[in-house]
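Each chain is listed here by its residues.
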Amino acid sequence: MQGQVILFQLLNGIGIGMIYFLLSVGLTMIFGLMRFVNFAHGTLYLVGAYTAYSVSLLTGSMWWALAFGPLAAAVIALISERLILRHTYEMPHEAQILVTFALALIFQESIILIFDPLAKNVPVPSLLSGIVFIGSFVYPAYRLAVVFAAAVIAILLWFALERTRFGAALRAGSESTEMVSLLGINVQKVFMVAFLVGGGLAGLAGTLSAPLRGVEPFMGSEALGVAFVVVVVGGIGSFTGALLGGLLIGVVQSMASSLWPEGARLMIYGAMALVLLVRPAGLMGRS
Amino acid sequence: MNISRRTALLGGASLLASPMIARAQTNKVEVVGIYSLSGTFANVGDLLNKGTVMAFDHYKTAAGKQINYTLLDDQGDAGRAVRRVQEAMGQGVRHVVGCTNSAIALAVAKEVHARGGIYIHMAGADEATGSQCNKSSFRWPGASYTAIRATLEPFMQANPAAKRWYTITGQYVFGESLLTNAKAVMQEKGLTNLGNSYHALSEREYSGYITAAMATNPDVLAVLNFGNQTVDVVRQAVSFGLKRNVKIVVPWCTGLDQYQAWGSDIVEGVYFGTNYWHGVESPGNRVLSEVVRAKTNNATNYLQACGWAVAQMFVESANKAGSLDVPDLTRAMEGLTYEGPTGTETVRAADHQVIKNYYLMRGKARSAMRDADDFAEILQATKAFMSPEQAGCKMA
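Residues numbered from 1 in each chain as written. Chains lettered and ligands numbered in written order. Predicted model: local features only at pLDDT ≥ 70, side-chain atom pairs only at ≥ 80, totals over all residues.

Asks: A description of the overall build of chain B should follow, citing residues and the corresponding values.
Replies: The secondary structure content of chain B amounts to 14 helices and 16 strands. Over its C-alpha trace chain B gives a radius of gyration of 21 Å, about what one expects of a compact globule, namely 21 Å for 396 residues. Each of the 396 residues in chain B was classed as buried or not, and the buried ones make up 58%. (Helix = DSSP H or I, 4+ residues; strand = E, 2+ residues; numbered from the N terminus. Rg over C-alpha atoms; globule rule 2.2 N^0.38 Å. Buried ≥ 20, exposed ≤ 12 C-beta atoms within 10 Å, placed from the backbone.)

Here's what the structure looks like:
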C-alpha cells in the first residue's frame, strides 16, 4: 500500500473513530457508574437519527436537527430511567439485559410503524456538503466537521468529568457508590444525570451520523455492537478508554479495508481479542 | 381482503396455533407467502408482503375460488423458512409464493418441489433457474446475469472511454454472482479490472473501501450488492466527491425506494439497473399503479411490484388452467404470457424464468424532475437472459 494511501486511511480511521467514541462514551459511563448493562443504548442512537431525519424534513435545516436529535434521545433516556430502568438496578445483569433488549425492540418496531422499514435520506447541511482537498486527496467536508465537533465534545466532556463537582461525584460513583452515598451525595440523582448525558451523547452520535449513513430502523442494533466493542477495548467505565478504543477500532477498520477488505469487519473483533489478551481490563480499564 | 402488517402477523401466529389451516374448503384456495417480517431483511420482507397482499386483494379469486392468503414469517432464516413451509404443506397447502433473499428461495424451492407444491418467487441468484431449477419453481425478476448484461453492456457502449473499472462487492452468494458476471463482461469488452473490495454483510462504514478504490484512479466504480448496503456505499462514494471524475454504476437497484433513500443530489448522474420502474407505460403496470396509489397514496416501488408479480403469476396461471391442481398449474404456467408490471411478460418453459424487461436508468438533476418520484430516466430496456443451457438448468 502506498504511503499516501496509508496516511489517508489513517485520517479516515480517525474520522470513523470519533463517531464511535461519541456512540460509546455514554454506554461506558453508565456501565462504569452503575454496572448497568444497557442494551437499549443503540436505541438512543436510533432516536437521535430519526429525530434528525424528521426535523430536517420539517424545517429543511440540519442545524435544528443538531439541537433536537440529542435532546429527544436525552429525554427518552431520562423517561426510561425514571419509569423502568431504575427498578432494575438491584436485579441481576440477565434481568437488565432482558428489560433493555425489550425496550430496544419496542422502539425499533415503533419506528417501523411510524415511518416505514425503508432507509431514509438526511441531506448534509449545504454549508458542509462539499469536499476538502488534503494534498492529492479529497475528504468530505461534513466528515471533517464531525471529527472537529467530536473533538470539541470530547474536550468539554473531559472538563466536565475532571474539573467539576458533578464530574467528581460521577467518577467517585464509578469506584464505590456506597461511599459516595455515605458522603451525602444523592446517588439516584447522579445516576439520572448520567443517563441523561449518556443518552444525549448517543443521540448526538445518531444525529451526526444520519447525513453520513442515512437512517433505517435497524441501525440501533448495529451501532450497539460497535459500541460494546469500543467499551471493552477502552476499558469499562473509562472516558479516555472510550476515546482511545473508538480511535483504535476506527483506524483498524479503515486500514483493513485497504489491506484485507473482506476481513475489515472481522478485524474489529480481532483487535478487541488482541487487546483483551494483552490487557484483559481494556486499554484504560482497571482490573 | 385488507390485511395490515399486524393482521398478517396474527395470521402467522394463528397458523401455528391451528392444526387445520388448510381444512378442505371447496370454495377457497389456500396460498402462503414466505417473507421475513423480522430479522435482518425485515425492511424488504414487509414491502414484498404488502405487494402480495394488494395483488390477492385485487384479484380476489383464482380459477373461480376465493384466495385465502396467510403470511409465514421466516425471520430472515432459510432453515426457519423451510420449517414454516413444511408445517403449512403438512396441513395441505400446495401454493407458496415469495422470498426475501436467494438463500431462502433456493431452500424453499427444494422443499416445495419435494412435497409436490408450486412455488413462485423473486430470488436474484442465477442458480434459481439454473443449476438448481426444478419443475415446481418459477422466478419473476431478472437475476444477476440479466442485471449485469442489461446494465453494463449498454453503459459500456455509451461510454467507450470508461475503460478502468473498480468494483465493491458484498461477500455472499448474490454479490459473488454479480461480480462473476461483471468480470466476464469486462473481459469480453477488453476493459481493465483494477480491483475489487469485498465487504461483509454486516458492514455499514465504507469510507475505507472507497478510499482504496480512489487510490486506483478508476473511470468507473461498480457497486455490486443489494438493499441498504448499496444505499450506504453509493451515499458515501458521492460524499467523497467520486462523481467529479468517476462514473458510478449500480447494476442491481430497487429503483424508487432507493432513490428516495438517496435523494436527488446523490442520484443525479449515477447509472442504475432495475427490474421495475413505476413510470413504465403498460396495461399491467397501470393496474398495479392504480391499486398501490389507492392503498398507499404513493407510487409503486420495486418491492411492492415484486410481491404483486408473484401473486399475479399464480392467479394468471390458475385462471388459464381453470384448476388449482399443481400439475395443471405447472402446465399452464409454462409458456404463460400475460400483461405484467413491466409490459408483456412470458414464462419460459425450459427453465421457468419470466422473460421481461430490465432497465438501465440514469439519475436526473433535481431541476429536471417532473414530480417528487421522477428521479431517473430510462436509457434502455433490455431482455437479456441466459439460455437455459448456459444456466445449466436440467428440469427435475
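After presenting the structure, the write-up continues.
Asks: I'd love a proper account of the overall build of chain A, names of residues and values included.
Replies: When its secondary structure is counted, chain A shows eleven helices and two strands. Along chain A, helices and strands appear, N-terminal first, in the series α-α-α-α-β-β-α-α-α-α-α-α-α. What you see for chain A is a C-alpha radius of gyration of 19 Å, in line with the 19 Å of a compact globule of 287 residues. Considering only C-alpha atoms, chain A reaches an extent of 60 × 50 × 35 Å along its principal axes. Burial statistics for chain A: of 287 residues in total, 52% are counted as buried.

Asks: Any details on the sheet that holds strand S14 (residues 354-355) of chain B? Residues and values, ideally.
Replies: All names here are of chain B. Pairing within the open sheet is antiparallel, and its three strands lie in the order S12-S13-S14. In this open sheet, the two strands that pair with only one neighbour each are strand S12 (337-340) and S14. Sheet topology places strand S13 (residues 343-347) next to S14; two bridges connect them, and they run antiparallel. Residue pairing for S14: Val347 is matched across the bridge by Val354. (Pairing = 2+ DSSP bridges.)

Asks: Lay out the domain arrangement of chain B in plain terms, naming residues and giving numbers.
Replies: All names here are of chain B. Taken domain by domain, chain B comprises domain 1 (3-142 + 280-355) and domain 2 (145-274 + 357-391). Distance between the C-alpha centres of domain 1 and domain 2: 28 Å. Counting from both sides, the interface comprises 19 residues of domain 1 and, opposite them, 23 residues of domain 2. Those elements giving two or more residues to the side of domain 1 that touches domain 2 turn out to be helix H4 (102-114) and helix H12 (302-321). (Domains from an automatic or database assignment. Contact = placed C-beta atoms within 7 Å.)

Asks: Quick rundown of helix H1 (residues 3-34) of chain A? Include the residues and the values.
Replies: Residue and element names in this part refer to chain A. Its 32 residues give H1 an end-to-end C-alpha distance of 45 Å, which sits within 8% of 46 Å, the value for a rise of 1.5 Å per residue. At Ser24, H1 shows its maximal bend, which comes to roughly 35 degrees. Burial analysis of H1 places 23 of its 32 residues in the buried class, which makes it a mostly covered element. Backbone geometry just after H1 places Arg35 at a positive phi near 55 degrees. (Expected span 1.5 Å × (residues − 1). Bend = angle between axes of the 7 residues up to and from the residue.)

Asks: With reference to specific residues and values, describe the interface of chain B and chain A.
Replies: Contact with chain B, which involves 31 residues of that partner, is made by 29 residues of chain A. Top element by residues in the side of chain B that touches chain A is helix H7 (residues 207-215) of chain B. It accounts for six residues. Among the residues forming the side of chain B that touches chain A, the class breakdown is eleven nonpolar, twelve polar and eight charged. (Nonpolar A, V, L, I, M, F, W, Y, C, P; charged D, E, K, R; others polar.)

Asks: Tell me about the sheet that holds strand S10 (residues 247-253) of chain B, and please be specific about residues and values.
Replies: All names here are of chain B. A sheet is described by the order of its strands in space; here seven strands give the open sequence S8-S7-S9-S10-S11-S15-S16, paired in mixed fashion. Every other strand in the sheet has two partners, leaving strand S8 (192-199) and strand S16 (376-382) as the edge strands with one partner each. Across the sheet, the mean angle separating the axes of adjacent strands is 20 degrees when strand polarity is ignored. For S10 and strand S11 (residues 271-274), the ladder comprises three bridges, and the chain directions are parallel. Within S11, the residue paired with Val249 across the bridge is Tyr271. Set on the sheet, helix H5 (residues 144-158) makes contact with S10, S11, strand S15 (358-363) and S16; between it and S10 the angle comes to about 155 degrees. (Axes fitted to C-alpha atoms, helices over the stretch in contact; angles between N-to-C directions.)

Asks: Can you explain the environment of Glu345(B)? Please cite residues and give values.
Replies: All names here are of chain B. On the secondary structure map, Glu345 appears in strand S13. Judged by the 23 C-beta atoms lying within 10 Å of it, Glu345 is buried. Separated by 32 residues in the primary sequence, Glu345 and Met313 place their C-alpha atoms 9.9 Å from one another. Once residues lying within four places of it in the same chain are set aside, the contact partners of Glu345 are Tyr338, Gly340, Val354, Ile355 and Lys356.

Asks: Explain the nonpolar core to me, using residue names and the numbers behind them.
Replies: Counting residues in each nonpolar core, the largest one holds 213 residues, and the members touching the most others are Leu22(A), Val108(B), Leu221(B), Val234(B) and Ile248(B). Viewed by domain, this core spans two of them, domain 1 (3-142 + 280-355) and domain 2 (145-274 + 357-391) of chain B, each represented by three or more residues. Not counting residues up to four positions away in its chain, the partners in contact with Ile248(B) are Leu221(B), Val223(B), Val234(B), Ala237(B), Leu242(B), Lys243(B), Val270(B) and Tyr271(B). (Core = buried A, V, L, I, M, F, W, Y, C linked by C-beta atoms within 7 Å.)

Asks: Tell me about helix H9 (residues 219-234) of chain A, and please be specific about residues and values.
Replies: All names here are of chain A. Over its 16 residues, H9 runs 22 Å from end to end, which matches the ideal 22 Å to within 8%, given 1.5 Å per residue. Among the 16 residues in H9, twelve count as buried, and that is most of the element. Looking only at H9, the buried set comprises Met219, Gly220, Ala223, Leu224, Val226, Ala227, Val229, Val230, Val231, Val232, Val233 and Gly234. The elements touched by buried residues of H9 are H1, helix H2 (41-59), helix H4 (93-114), helix H10 (239-259) and helix H11 (264-278). Downstream of H9 by one or two residues, Gly235 has phi in the positive range, about 110 degrees.

Asks: Can you break down the pairing of S11(B) residue by residue, with the values?
Replies: Residue and element names in this part refer to chain B. Both faces of S11 are covered, namely the face carrying Tyr271 and Gly273 and the face carrying Phe272 and Thr274. As defined by bridge partners, S11 adjoins S15 across four bridges and the pair is classed as antiparallel. When the bridges of S15 are listed, Thr274 appears paired with Tyr359.

Asks: Run through the packing of H2(A) against H9(A), naming residues and quoting values.
Replies: All names here are of chain A. Interhelical geometry of H2 versus H9 gives an angle of 130 degrees and a closest axis separation of 7 Å. It follows from the interaxial angle that H2 and H9 lie oblique. Note on packing geometry: the crossing formed by H2 with H9 is right-handed. Packed against H2, whose contacting residues are His41, Gly42, Thr43, Tyr45, Leu46 and Ala49, the element H9 presents Met219, Gly220, Ser221, Ala223, Leu224 and Ala227 at the interface. (Parallel < 35°, antiparallel > 145°, perpendicular 65-115°, else oblique. Left-handed = near helix turned anticlockwise from the far one by under 90°.)

Asks: If you had to explain the packing of H2(A) against helix H8 (residues 187-213) of chain A to someone new, which residues and values would you point to?
Replies: Residue and element names in this part refer to chain A. Where H2 contacts H8, the axes come no closer than 7 Å and their chain directions differ by 50 degrees. Between H2 and H8, the angle falls in the class oblique. Between H2 and H8 the crossing geometry is right-handed. In this structure, H2 uses His41, Leu44, Tyr45, Leu46, Val47, Gly48, Ala49, Ala52 and Tyr53 to contact H8, whose residues at the interface are Gly199, Ala202, Gly203, Leu204, Ala205, Gly206, Thr207, Ser209 and Ala210. Of the residues in the contact of H2 with H8, the class split is eleven nonpolar, seven polar and no charged.

Asks: For the environment of Arg82(A), give the residues involved together with the corresponding values.
Replies: Its location among the elements puts Arg82(A) in helix H3 (residues 62-83). Sequence separation between Arg82(A) and Gln188(A) is 106 residues, and the spatial gap between their C-alpha atoms is 9.8 Å.

Asks: Please provide a residue-by-residue account of the confidence of the model for chain A, values included.
Replies: Of the residues in chain A, 99% reach a pLDDT of 70 or more, and the chain-wide mean stands at 88. Confidence, read as mean pLDDT per element, is least for helix H6 (residues 165-175) of chain A in chain A (81) and greatest for H2(A) (95). (pLDDT = per-residue confidence, 0-100.)

Asks: I'd love a proper account of unusual backbone geometry, names of residues and values included.
Replies: Despite not being glycine, Lys60(B) shows a phi value in the positive range, around 65 degrees. With respect to the helices and strands, the residue Lys60(B) is situated in the loop between helix H2 (42-59) and strand S2 (61-62).

Asks: I'd like a rundown of the environment of Ala227(A), residues and numbers included.
Replies: Residues and elements named next belong to chain A. Tracing the sequence through the fold places Ala227 in helix H9. For the pair Ala227 and Gly245, spaced 18 residues apart in sequence, the C-alpha to C-alpha distance is 9.6 Å. When sequence neighbours within four positions are dropped, the list of residues in contact with Ala227 reads Leu23, Ser24, Leu27, His41 and Gly42.

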